[in-house]
Structure formats: structure tokens, C-alpha cells
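# Fold and geometry: a report
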Amino acid sequence: MAASSASLLSTKPSISQASLSWRRQLPPVFATISLPSRRRGGGKLVVYAMDAKPTVLVAEKLGEAGVNLLKDFANVDCSYNLTPEELCTKISLCDALIVRSGTKVTREVFESSGGRLKVVGRAGVGIDNVDLAAATEHGCLVVNAPTANTVAAAEHGIALLAAMARNVAQADASVKAGKWQRNKYVGVSLVGKTLAVMGFGKVGSEVARRAKGLGMHVIAHDPYAPADRARAIGVELVSFDEAIATADFISLHMPLTPSTNKILNDENFAKMKKGVRIVNVARGGVIDEDALVKALDAGIVAQAALDVFTEEPPAKDSKLVQHENVTVTPHLGASTMEAQEGVAIEIAEAVVGALKGELAATAVNAPMVPAEVLSELKPFVDLAEKLGRLAVQLVTGGSGVKTVKVSYASARAPDDLDTRLLRAMITKGIIEPISSVFVNLVNADFTAKQRGLRITEERILLDGSPESPLEFIQVQIANVESKFASAISETGEIKVEGRVKDGIPHLTKVGSFEVDVSLEGSIILCRQVDQPGMIGKVGSILGEENVNVSFMSVGRVAPRKHAVMAIGVDEQPSKQTLKRIGEIPAVEEFVYLKL
Ligand SMILES: NC(=O)C1=CN([C@@H]2O[C@H](COP(=O)(O)OP(=O)(O)OC[C@H]3O[C@@H](n4cnc5c(N)ncnc54)[C@H](O)[C@@H]3O)[C@@H](O)[C@H]2O)C=CC1
Ligand SMILES: O=C(O)C(=O)COP(=O)(O)O
């Protein structure tokens, strides 16, 4: 009697039963793929032998501990330096992909995966190299490892700050070239200088803390950071203009987004103090690199220390890289032994968890639902999908399935019930039976919007003890006709309602008829004139046709008037069986619904 359950990341059809996992069986063959690329001599790439385990492609160097964790659960293919074409070719055989900043996970990658790719793990923080919109549209979860390299990045920022101020890199090159230029490489002191930290998140605040230790006066700009967190480490949050105009040193720590793209540009360099020094361990794209070269040449910017570039690696003849007042490193911020081990474990755990169907705490493009909330909601997740499936199968015509109202009846306070998961599963239940797309937690809202399906949610507040998160869920589809007229409620919508009883989802209302049938197997709904012997008649037809009945319930308006009988069946009845049921004189209408 295990409840079959919806899969959070499942492809269609949902395979798993009694769990939230979605593992797919893979064909037990070797795959040999011709590569269009010139590299590897245009040869053939043997991908790997496959078994029932999922396959994880690790496309960039990942710490050993992480790879070992992955191997316990999956086939792991470590293939580095793939061309975009090679990546697109391989990806159709992979369930997960792990990258760092050096791999562009483009829309083509998702399109080439043919729906198999279920999770992209970014072994680090910045996800600007992953096309998130495409991932979401393809129902692919993106997870990152946001904490394990924070200190490494902050330490690298401080290393660059000090190295720049004291010309360490330039002086080193000069000594190695046989020179001894003590006067040329006189530096500037850090103590007492103002450092503006742009982006006061994890890395930015660690940089600020360390810079305070060096005796600097630290200010920060971050439109979204709480002032009390800054105050707690003695940092004042200021406006963007104030930060760049008053700083002796500027250290960049914001993500690359459309609003931070080239945020340091001609206009903003012009507002800076002459002789300002800039450190960038965030993303190259936050600086307009041509504008920086101009500002360096004009002496507005005295020096820059850069770990990141718009194009990586930058062109060999890049004026910026070659500039004598610029110190560069090849995107080393996260590259410490410790950080790489930490990041590898963090991402491997997140990817394995996602492949098991668990919700990742570091999901970038899906709601994060804490484990305890998830386990509480699990039977309702199943109920939600099944109600969606039932409701949509009752539709026969009208203006199309466009407006769905979901009501959640609960004694919990409204902000104590996270309905995103339930909404996603109702959407899955509604869309999948009538289309070829697959829907999961990641792409549910997107898919609904794309199909013009409007899902509104309302809460029905109940009195009583809020032990269970929900009493019942109602799904109503408006402006449609039903193939089972009795499913239309007094207000004109198709309406189904369900509850969870002993952990099993039950259908408890169809239109205005109360029924009670567990949502397992499939269901026959039958409206009849309420009279003795009906249960026996239908039951014996099903018995004669070898269809096992798991549940039967009758809901009636009043004795001897109309009743709706809900019959749970384990097997799909043949057309002949259904015809025989329809021919029972008292049966007014009936419908067979697949769960
Ligand atoms: N060079 C390297 O190897 C590494 C680079 N990074 C990069 O460092 C950056 C920061 O990483 P975390 O601190 O972990 O991220 P985070 O998300 O903790 O912090 C980013 C902060 O930037 C703020 N922000 C967003 N838009 C802003 C704007 N327009 N102006 C000012 N602040 C803004 C956010 O509110 C947030 O507080 C990211 O770009 C990340 O990719 C991180 C680790 C290693
Ligand atoms: O975590 C980040 O955002 C980084 O920039 C680190 O990049 P990496 O993993 O070293 O390629």
C-alpha cells in the first residue's frame, strides 16, 4: 500500500514509487560517438559503459574527495578541456554535469542533452557561466557550492591588495631580469587608507574583516546587505557614488549580473579619486576593460590587480594584462588546496542529493525547501500531482485549460505553509497528461506561464490544531466543460478535492459529491440513480473482467436521488468492461481516469 509519489526532478513519465527520487534506467551499452571537432583528430569518442547508475560528467578538475563521493553513487566521467561541440555530444549520455568557471554551459548544452541532464553542479560560487534561463526551461536543476571557497577568494583579494601596493609582482620580475630597482618600486602603505568593498556578501565581508586587521578604514557598498551586519564588523555601508569617490582602494566582490555588467566604466572612473587602486577577484565583466586601460593611462587609476577577465584566458596582447601598473593572476581566487577539497565535497554532495531527488540547499533555480518541511509535505506533494491529473482528465472542452484555482485548507498560519512545491506538482499533474513536455519543480512555473496557464492559490483558514500542514487541497478548473458533468461544482468549475489519510492521498470530493477513494491505481467515477445493488452490479462486472477493485465509495446528494460512485481499480479496464458498466440502466455517466 505504498503511496506512489511525484518526483521532484523527474522526467516524464514519473518512474519512482514511494520516494521522491527519479533515477532512470540507462541502456547497458557502450556509446561511441563521432566527433565533429578538429581536436582529437576528428576521431571517435568512446563515452562509457553504462549501467543503472546515473552518469556524472566532471568537465573541470575537481578535488579527489568529491570525485570519490560521486563514484560511490554514479558512473563518473572526468573529461577535461572538452570543446563546446564535444560537451554537446557527450551531454546526451549524462544525468549530471559538474563544472567550474572555465566551462560555458550554454542553451545548446541543455538542448543537446535531450532532456536527460537533470542537474548542473557549479563547483564554486559564480554561476554566470551557466545559462540559467535555459536550465530552468529544460527542467534542469542548477546547484552551486557557495561557501567553501569564500576564505580562499578573500585571502586572494588581500594578497593582491598588498602585492599591488608594494609592487611585488613587478619587482619580482625586475630582480629576475637581473635588475635592482629599489627606487622604482617604492610602494604605498595600506594603514589608514580607505578601502571600498563593493559587494558586501560572503567574500566582501571577509575581505573587509581582514582589511580592518591591516588598519584600513573600510566602507562598503551593497544595496542588498543589512546595515547591522556591516556595523557588526565596523564597516559603514555607503552609496555607490560615495564609495568610489572616497576610496583609496576599491575591491570588487559583487556577482556579474546585467546590473553590475561594466559597472566600472568611463563615467564612474571619472568620479574616482585620482590615484585610486583597484582589486578585482569577482568577475572581469564588472569592469569595462577598455575604460580601465584609459583610466590607468590617464593616471586616474594608479594600479589594478586583477584575477578575473571578461574573456578568460585574456588575449595574449591584451593592453590591460600587459599594462605595467597592472598585476594579474589567472583566476586563482578559489585555488587553494583547502578550498578545492571543500568545494569538491560541497558540490558532490549537492549533485548526489539532487540525483536522489532531494531538494538541494544550494539550488540556484528552484525553491529551497528544508528537509523537515519536505518530509512533512511529501504525501501532499503526491496528492497535489494526482489531483491535477484527475482534474485535467475531466476536461472535455471549453476555452482550454487556462485558469486553475488551488485552495489549501489548513489550520497553520499562512506564512507557515510553503506551497511552491505543491503548486509545482499540481502544474505537473495538469500539464503532463495533455502535452509532451515534462514538468518538474524547476520548470513548473515557467512551463505554466509559457502555456498561458494561470494558477491562482488561496488559503482556507481552519480552526483547530495545526499538527498536519494541510487538511485538504482543492483544484478547480474554470471555463471548461467536463466529460463527467457531475464534476462541475455549484459555481461552474471542475472541482476535485483530496486529503491525506494515514499517509495515503485520497480523493474526497468530485464536484459537489463527497466520495472517499484512495488515489492509487486508477479510478472509475460513475454517476447513477441511487438505488440498492449498484455497488454489486459494477463490482461483479469488474470481477468477471478480472479487474481488481481496491476501493469503492458512494457519495450521494440525498437518499434515492443521484450518487457518485468512485471505484479504485488496479488494472486498466478494457473498453468492453467500461461499455458494460455504461450499459447498466441506472448509470447516468461514467469516466475512467488514469493516475
Ligand atoms: N576569483 C575567484 O576565484 C572567485 C570569485 N568569486 C566571485 O566573487 C563574487 C562574490 O562572491 P560571494 O561573496 O561568495 O557572493 P555573495 O552572493 O555572498 O555576495 C555578493 C554580494 O554582492 C551584492 N551585490 C549584488 N549586486 C550588487 C551591486 N550592484 N552593487 C554592490 N553589491 C551588489 C549582493 O547583495 C551580495 O551581498 C562573485 O562574483 C563570485 O563569483 C567567488 C569565489 C572565488
Ligand atoms: O567560485 C567562483 O565564483 C570562482 O570564481 C571560482 O572559480 P573556479 O572554480 O576556480 O573556476
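Residues numbered from 1 in each chain as written. Chains lettered and ligands numbered in written order. Predicted model: local features only at pLDDT ≥ 70, side-chain atom pairs only at ≥ 80, totals over all residues. Heavy atoms only, no water.

### Thoughts on the site of ligand 1
The immediate surroundings of ligand 1 are formed by 25 residues, with Lys202, Val203, Asp222, Val281 and Asp307 found nearest. Within the backbone of Gly126, a nitrogen or oxygen atom sits 3.4 Å from an oxygen atom of ligand 1. Within the shell around ligand 1, the residues separate by chemical class into twelve nonpolar, nine polar and four charged. (Near = heavy atom within 4 Å. Polar contact = N/O pair within 3.5 Å; in protein donor to acceptor, adjacent residues only side chain to side chain. Nonpolar A, V, L, I, M, F, W, Y, C, P; charged D, E, K, R; others polar.)

### A short note on the pattern of salt bridges
Enumeration over the complete set of coordinates arrives at 28 salt bridges. As a salt-bridge pair, Arg423 and Asp445 come within 2.9 Å of each other at their nearest N and O atoms. Here Asp445 lies in helix α16 (residues 444-450) and Arg423 lies in helix α15 (residues 420-431), a separation of 22 residues in the sequence. Notably, a salt bridge pairs Glu544 with Arg580, separated by 2.5 Å at the nearest N-O pair. Taken together, the positions of Glu544 in helix α17 (residues 534-544) and Arg580 in helix α18 (residues 575-582) put the pair 36 residues apart, joining distant regions of the chain. You can call Glu544 exposed: its relative accessible area is 53%. Looking at Arg580, the relative accessible area reads 25%, which means it is partly exposed. Through salt bridges with shared partners, a single network forms among Glu385, Arg389, Lys428 and Glu432. (Salt bridge = Lys/Arg side-chain N within 4 Å of Asp/Glu carboxyl O. Helix = DSSP H or I, 4+ residues; strand = E, 2+ residues; numbered from the N terminus. Buried < 20%, exposed > 50% of the residue type's maximum accessible area, 1.4 Å probe, protein only.)

### Some points on the site of ligand 2
In the region of ligand 2, the neighbouring residues are Arg100, Ser101, Arg122, Ala123, Gly124, Val125, Gly126, Asn149, Arg283, His331 and Ala334. In the model, an oxygen atom of ligand 2 is placed 2.6 Å from a nitrogen or oxygen of the Val125 main chain. His331 places a side-chain nitrogen or oxygen 2.6 Å from an oxygen atom of ligand 2. Surface burial for ligand 2 is 90%, taken as the share of its 310 Å² of free accessible area covered by protein chains. Of the residues contributing to the shell around ligand 2, the split by class is three nonpolar, five polar and three charged. (Areas by Shrake-Rupley, 256 points an atom, 1.4 Å probe, with all protein chains shown as cover.)

### Some remarks on the sheet that holds strand β18 (residues 472-477)
With mixed pairing, six strands are arranged side by side in an open sheet as β17-β16-β18-β20-β21-β22. Every interior strand has two partners, whereas the edge strands, β17 (454-461) and β22 (513-518), have only one. On average, adjacent strands in this sheet sit at an angle of 20 degrees to one another, irrespective of strand direction. Against the sheet, α15 makes contact with β16 (403-410), β17 and β18, and its axis sits at roughly 140 degrees relative to β16, the strand it touches most. (Pairing = 2+ DSSP bridges. Axes fitted to C-alpha atoms, helices over the stretch in contact; angles between N-to-C directions. Contact = heavy atoms within 4.5 Å.)

### Brief notes about unusual backbone geometry
Note the cis peptide between Glu312 and Pro313, where omega equals -10 degrees. By secondary structure assignment, the location of Pro313 is in the loop between β13 (301-306) and α12 (319-322). If you check the backbone angles, Asn81 has positive phi at about 55 degrees while not being a glycine. Locating Asn81 in the fold gives a position in the loop between β4 (75-78) and α2 (84-91). Even without glycine at this site, Lys262 takes up a positive phi of about 55 degrees.

### Topic: the state of the cysteines
Within the structure shown, the criterion is met by zero disulfides. Between Cys78, a cysteine without a disulfide, and Cys94, which holds the nearest cysteine sulfur, the sulfur-to-sulfur distance is 11 Å. For the unlinked cysteine Cys88, the closest cysteine sulfur is that of Cys94, found at 12 Å. (Disulfide = S-S within 2.5 Å.)

### Some thoughts on the confidence of the model for the protein
Of all residues in the protein, 90% attain a pLDDT of 70 or more, and the chain-wide mean is 88. Confidence drops under pLDDT 50 across residues 11-50; counting only partners more than four residues distant or on other chains, this segment forms 118 contacts. The ipTM, which scores confidence in the relative placement of chains, is 0.99 for this predicted complex, and the corresponding pTM is 0.78. (pLDDT = per-residue confidence, 0-100.)

### Notes on the sheet that holds strand β10 (residues 236-237)
Strand order in the open sheet made by the seven strands is β10-β9-β8-β11-β12-β13-β14, with parallel pairing throughout. For this open sheet the edge positions go to β10 and β14 (326-328), each flanked by a neighbour on one side alone. As judged from the five bridges shared by strand β12 (residues 276-280) and β13, these two strands associate in the parallel manner. If you follow Arg277 over to β13, its bridge partner there is Gln303.

### As for the side chain of Ser486
Inspection of the secondary structure assignment puts Ser486 in the loop between β19 (480-482) and β20 (494-501). Polar contacts involving the side chain of Ser486 include one to the side chain of Arg527, which spans 3.5 Å. Sequence-distant contacts of Ser486, defined by excluding residues within four places in its chain, comprise Val510, Gly511, Ser512, Phe513, Arg527, Val564 and Glu589.

### Structural notes on the environment of Leu93
Relative to the helices and strands, Leu93 resides in the loop between α2 and β5 (96-99). Sequence separation between Leu93 and Gly114 is 21 residues; the distance between their C-alpha atoms is 9.0 Å.

### Looking at helix α7 (residues 202-213)
Taking 1.5 Å per residue as the helical rise, α7 with its twelve residues ought to reach 16 Å, and the 17 Å between its terminal C-alpha atoms agrees with that figure. Taken together, the buried residues of α7 touch α5 (150-165), β8 (194-198), β9 (217-221), α8 (227-232) and β11 (249-252). Positive phi appears at Gly215, one or two residues downstream of α7, with a value of about 85 degrees. (Expected span 1.5 Å × (residues − 1).)

### Topic: the environment of Phe551
Note on placement: Phe551 falls in strand β24 (residues 549-556). As for Phe551 and Arg209, which are separated by 342 residues in sequence, their C-alpha atoms are 65 Å apart. Ignoring any residue separated from it by four or fewer positions in sequence, one finds Phe551 in contact with His506, Asp516, Val517, Ser518, Ala566, Ile567 and Gly568.

### Details of the packing of α17 against α18
Two numbers describe how α17 lies on α18: the axes approach to 10 Å, and their chain directions differ by 160 degrees. Taken together, the axis directions place α17 and α18 in an arrangement best described as roughly antiparallel. At the point where α17 passes α18, the crossing takes the right-handed sense. Side by side, α17 and α18 meet where Val538, Ile541, Leu542 and Glu544 of the first sit next to Thr577, Arg580 and Ile581 of the second. (Parallel < 35°, antiparallel > 145°, perpendicular 65-115°, else oblique. Left-handed = near helix turned anticlockwise from the far one by under 90°.)

### Focus on the nonpolar core
In terms of nonpolar packing, the biggest core is built from 52 residues, with Leu394, Val404, Ile473, Leu507 and Leu525 touching the most fellow members. For this core, the element with the most residues is helix α14 (residues 371-393), which contributes ten residues. Setting aside residues no more than four positions away along its own chain, Leu525 makes contact with Leu394, Phe484, Leu507, Val510, Met565, Ala566, Glu589, Phe590, Val591 and Leu593. Within the second largest apolar cluster, 32 residues are counted, among which are Ile219, Leu252, Met272 and Ala295. (Core = buried A, V, L, I, M, F, W, Y, C linked by side-chain atoms within 4.5 Å.)

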